[in-house]
Amino acid sequence: MNSSDNNEPSQPLKAETTLVTAGRDTKAQKGFVNPPVVHGSTVLYPTAEDLHAHRGEYQYGRRGTPTTKALQQALMALEGPQCAGVGLAPSGLSAISTALLAVLKSGDHLLVCDNAYRPTRNFCEGLLSRYGVATTYFDPLIGPGIAELFKPNTRAVLVEAPGSQTFEMPDIPLIASVAHERGALVIDDNTWATPLYHRSLDQGVDISMQAATKYIGGHSDIMFGTISANARAWPLISEAIQLLGICAGPDDVFLALRGLRTLAVRLAQHHRSGLEMARWLAARPEVTRVLHPALESDPGHAIWKRDFTGASGLFSIVLKPAPQKAVDALLDTVKLFGMGYSWGGFESLVIPFDCEPYRTATKWSPGGPTLRLHIGLENVDDLKADLERGFAAFNAA
Ligand SMILES: *Cc1c(COP(=O)(O)O)cnc(C)c1O
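All values reported here derive from a predicted model rather than from experimental measurement. (Residues numbered from 1 in each chain as written. Predicted model: local features only at pLDDT ≥ 70, side-chain atom pairs only at ≥ 80, totals over all residues. Heavy atoms only, no water.)

## Details of the sheet that holds strand 2 (residues 109-113)
Through backbone hydrogen bonds, the strands of a sheet pair up, either in parallel or in antiparallel fashion. Read across the open sheet, the seven strands follow the order 1-7-6-5-4-2-3; overall the sheet is mixed. Of all strands in the sheet, those bounded by a partner on one side alone are strand 1 (85-89) and strand 3 (134-138). In this sheet, adjacent strand axes meet at a mean angle of 20 degrees when their direction is disregarded. Sheet topology places strand 5 (residues 185-189) next to strand 6 (residues 207-211); three bridges connect them, and they run parallel. Its bridge partner being in strand 6, Asp188 is matched across the sheet by Ser208. (Pairing = 2+ DSSP bridges. Helix = DSSP H or I, 4+ residues; strand = E, 2+ residues; numbered from the N terminus. Axes fitted to C-alpha atoms, helices over the stretch in contact; angles between N-to-C directions.)

Set out below in structure tokens:
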């Protein structure tokens, strides 16, 4: 079935157009541009024969609705030709845990990059270790050295590019080729770039997940996760979703699809404003380092340039050594930068972080307090003025 209501285009559509057109079935939507929000569990079968054969486009609410189908088709089109299916989950973390449970079994070994999202590590140390899966963490910048970490029972490698606090850039195509030689699958937490700026399935990744809570939702109003998989991994993902009973609420599915329609314009602005703020911060005397792979000076820049087509609005800074009360003075002074977890919405955020206590394969010692910034859709002049007031308070404390 054509995923778009337009006539078949003569050339492949560009991503911005795909985001607008994919997953729209105007006829099924009775002329409306958007699909209905289907709240439903039971699906009625017209005849006993249909019931026995499980015949019909939909069987049961958990297994899919016209709303989930529209979102899945749109995401598949965005991920590109390698994508064999997209699973929907109630949060980004549940997308990660579902993907890991789908591919691993007791006795397996898992490789996880040391800059991975902390709750991902917690899942590995918590449930996975209890179920007999051992995890080894690796330096995201390990390069070809990753080959030495494989064991006969290594079943999967989980990467995050860039890590969402410290922004190191693992070499995904390299890791994928080593993993595939050894029969392991590659899972990528692609939340930072989204499939719009990083088509990870095209680069050898088998399972690409999104905390759609972030940029796909884009408005800080949903919890949502997606799991995209290639033909090799999709049967495993699909089976795990059914067995675990993973599904997402209809209103959140609708909001994720609505977010997707404007993803390209929002991300373009996050990219522009993020880079402008990163450059401005790099020139500040209070800042010793800016961790942003789209900056030419960043150690991950070459990989970012090769594998990504854009950057989002999330990066970190290292401040010159200062007491906690100076950092707190900055945090308490800024008004446009809210303090809170998550990111990817329209609003700017700032959060202090310290990943030193839980890194195991690498040592994180930045030499000063660290802040993670999310650059939202406000005017950058206002954001600079806000941070200037924050730095004045930092310097005075
Ligand atoms: C937020 C986040 C997640 C988890 O998403 P939730 O929807 O909050 O569960 C996973 N990975 C990364 C990189 C994230 O930033």
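That covers the picture; the talk isn't over yet.
## Here's the deal with the site of the ligand
Not every one of the 13 residues close to the ligand is listed here, only the nearest: Gly92, Leu93, Asp189, Thr213 and Lys214. Within the side chain of Lys214, an N or O atom sits 2.6 Å from an oxygen atom of the ligand. Relative to its free-state accessible area of 380 Å², the ligand is covered by the protein chains to the extent of 92%. Top contributing element to the shell around the ligand by residue count: helix 4 (residues 92-103), with three residues. (Near = heavy atom within 4 Å. Polar contact = N/O pair within 3.5 Å; in protein donor to acceptor, adjacent residues only side chain to side chain. Areas by Shrake-Rupley, 256 points an atom, 1.4 Å probe, with all protein chains shown as cover.)

## Looking at a nonpolar patch on the surface
On the surface, Leu101, Tyr131 and Leu244 cluster together to form a nonpolar patch covering roughly 270 Å² of accessible area. Assignment of secondary structure puts Tyr131 in the loop between helix 5 (118-130) and strand 3. With a relative accessible area of 45%, Tyr131 lands in the partly exposed category. (Patch = residues over 30% accessible without salt bridge, like charges linked within 9 Å, V, L, I, M, F, W, Y side chains within 5 Å. Salt bridge = Lys/Arg side-chain N within 4 Å of Asp/Glu carboxyl O. Buried < 20%, exposed > 50% of the residue type's maximum accessible area, 1.4 Å probe, protein only.)

## Some words on the pairing of strand 6
Working note: regular strand, side chains alternate between the two faces of the sheet. Among the five residues that make up strand 6, five are buried, leaving the element largely enclosed by the rest of the structure. Alternating residues of strand 6 divide into Ile207, Met209 and Ala211 and Ser208 and Gln210, and every residue in both groups is buried. By the bridge criterion, five bridges tie strand 6 to strand 7 (residues 225-229) in an arrangement that is antiparallel. In the strand pairing of strand 7, Ala211 is matched with Gly225.

## Section: the nonpolar core
Leu100 and Leu281 are the most contacted members of the largest nonpolar core, which has 115 residues in total. Among the elements that line this core, the one with the most residues is helix 10 (residues 263-282), at eight residues. Both domains that meet at this core, namely domain 1 (15-261) and domain 2 (264-396), each give it at least three residues. Setting aside its immediate chain neighbours within four residues, Leu281 contacts Val287, Val290, Phe315, Ile317, Leu373, Leu387 and Phe391. (Core = buried A, V, L, I, M, F, W, Y, C linked by side-chain atoms within 4.5 Å. Domains from an automatic or database assignment. Contact = heavy atoms within 4.5 Å.)

## Observations regarding helix 8 (residues 234-244)
Among all positions of helix 8, only Ile237, Ala240 and Ile241 are buried. Across the axial projection of helix 8, the buried residues extend over an arc of 100 degrees, all falling on one side. Those residues of helix 8 that are exposed and angled more than 90 degrees off the buried face are Pro235 and Leu243. For helix 8, the elements touching its buried residues are strand 1, helix 4, strand 6 and strand 7. The first or second residue beyond helix 8 is Gly245, which carries a positive phi of 75 degrees. (Arc of directions from axis to C-beta.)

## Some remarks on unusual backbone geometry
Looking along the chain, the bond that leaves Ala161 and enters Pro162 is cis, with omega of -15 degrees. Inspection of the secondary structure puts Pro162 in the loop between strand 4 (154-160) and helix 6 (172-181). At Ser342, a residue that is not glycine, the phi angle is positive and equals roughly 75 degrees. Examined against the element boundaries, Ser342 turns out to sit in the loop between strand 10 (338-339) and strand 11 (349-352).

## Some thoughts on the sheet that holds strand 12 (residues 370-374)
Read across the sheet, five strands follow the order 8-9-12-11-10 without closing on themselves; strand pairing throughout is mixed. For this open sheet the edge positions go to strand 8 (287-291) and strand 10, each flanked by a neighbour on one side alone. Across two bridges, strand 10 lies against strand 11 in parallel orientation. In the sheet register, Met339 faces strand 11, and the bridge partner there is Val350. Sheet strands in contact with helix 10 are strand 8, strand 9 (314-319) and strand 12, and its direction is about 10 degrees off that of strand 9. The sheet contacts of helix 12 (residues 324-333) involve strand 9, strand 10, strand 11 and strand 12, and relative to strand 12 the element is tilted by about 15 degrees.

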